[in-house]
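Each chain is listed here by its residues.
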Amino acid sequence: MADHDKERFLALAEGMVGVYAYIAGLLKDLPIRIVIPDLVKVMDDDRDPKDLLLALNRVRAAIQDEPISETHKRAFEHLVLDWFAAYEMLALVKLAGPAPWRLDVVEFALNRCVTWIEVIEDDEPDDSQS
């Protein structure tokens, strides 16, 4: 991997870890608290991330039971899916190499994650909360 690709890969991986931590914090703040495994601990312990990924996937179903607006439920579901898109693409970069579009896809998915976080953090009630 060329140096500039490696630097971009590492920056995007760091962003992915940060978004995951932010997701974990948002989930803990829900009315019905949801706890997901600590990504950094899983990585530091060199464990298989399978359980972590399955736990994050279960969030998509669990979020439906939360007493929050439908807009926020959809935002959480999309946030999780976009994080998965970034994760899977980074895994592909490690296996197949850093084609420019792969790194662009990761960046785009992480940018969408930020957008979903902004939707979730928006305290304006929508029609379903009235």
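Thresholds applied
Residues numbered from 1 in each chain as written. Predicted model: local features only at pLDDT ≥ 70, side-chain atom pairs only at ≥ 80, totals over all residues. Heavy atoms only, no water. Helix = DSSP H or I, 4+ residues; strand = E, 2+ residues; numbered from the N terminus. Rg over C-alpha atoms; globule rule 2.2 N^0.38 Å. Buried < 20%, exposed > 50% of the residue type's maximum accessible area, 1.4 Å probe, protein only. Contact = heavy atoms within 4.5 Å. Lys, Arg positive; Asp, Glu negative; His and termini not counted. Charge placed at Lys NZ, Arg CZ, Asp CG, Glu CD. Phe/Tyr/Trp six-rings, centres within 6.5 Å; stacked < 30°, edge-to-face > 60°. Expected span 1.5 Å × (residues − 1).

## Considering the overall build of the chain
Counting its regular elements, the chain contains five helices and zero strands. Of the regular secondary structure in the chain, the N- to C-terminal order runs α-α-α-α-α. Relative to a compact globule of 130 residues, whose C-alpha radius of gyration would be 14 Å, the chain shows 16 Å and is just as compact. Dimensions of the chain along its principal axes, counting C-alpha atoms only, are 55 × 30 × 15 Å. Looking at the chain residue by residue over its 130 residues, the buried ones come to 39%. By sequence separation, contacts in the chain at least 24 residues apart represent 70% of the contacts at least 6 residues apart. Distance between charge centres in the chain, computed from 14 positive and 26 negative side chains, equals 7 Å.

## Notes on the packing of aromatic side chains
Evaluation of the coordinates by the stated rule reveals three aromatic pairs. Relative to tryptophan 83, the ring of tyrosine 20 has its centre 5.2 Å away and its plane inclined at 55 degrees; by these criteria the two rings are tilted. Taken as a pair, tyrosine 20 in helix H1 (residues 3-28) and tryptophan 83 in helix H4 (residues 70-96) lie far apart in primary sequence, 63 residues in all. Each member of the pair, tyrosine 20 as well as tryptophan 83, is classed as buried. With centroids separated by 5.4 Å and ring planes inclined at 20 degrees, the aromatic side chains of tryptophan 83 and tyrosine 87 adopt a geometry described as stacked. Of this pair, tryptophan 83 and tyrosine 87 both sit in helix H4, separated by four residues, roughly a single helical turn. One exposure class covers both tryptophan 83 and tyrosine 87, and it is buried. One aromatic cluster is present, formed by Tyr20, Trp83, Phe84 and Tyr87 through successive ring pairs.

## Topic: H4
It helps to recall that an α-helix has 3.6 residues per turn; residues three or four apart then point in one direction. Taking 1.5 Å of rise per residue, the 27 residues of H4 would be expected to cover 39 Å, and the 38 Å separating its terminal C-alpha atoms lies within 8% of that figure. Positioned one or two residues after H4, glycine 97 has a phi angle of 105 degrees, which is positive.

## Here's the deal with the environment of isoleucine 117
Along the chain, isoleucine 117 falls in helix H5 (residues 100-121). When the C-alpha positions of isoleucine 117 and valine 19 are compared, they lie 9.1 Å apart, and in sequence the two are 98 residues distant. Not counting the four nearest positions on each side in its chain, isoleucine 117 is found in contact with Tyr22, Leu26 and Leu79.

Geometric descriptors of this kind do not, in isolation, establish any biological role.
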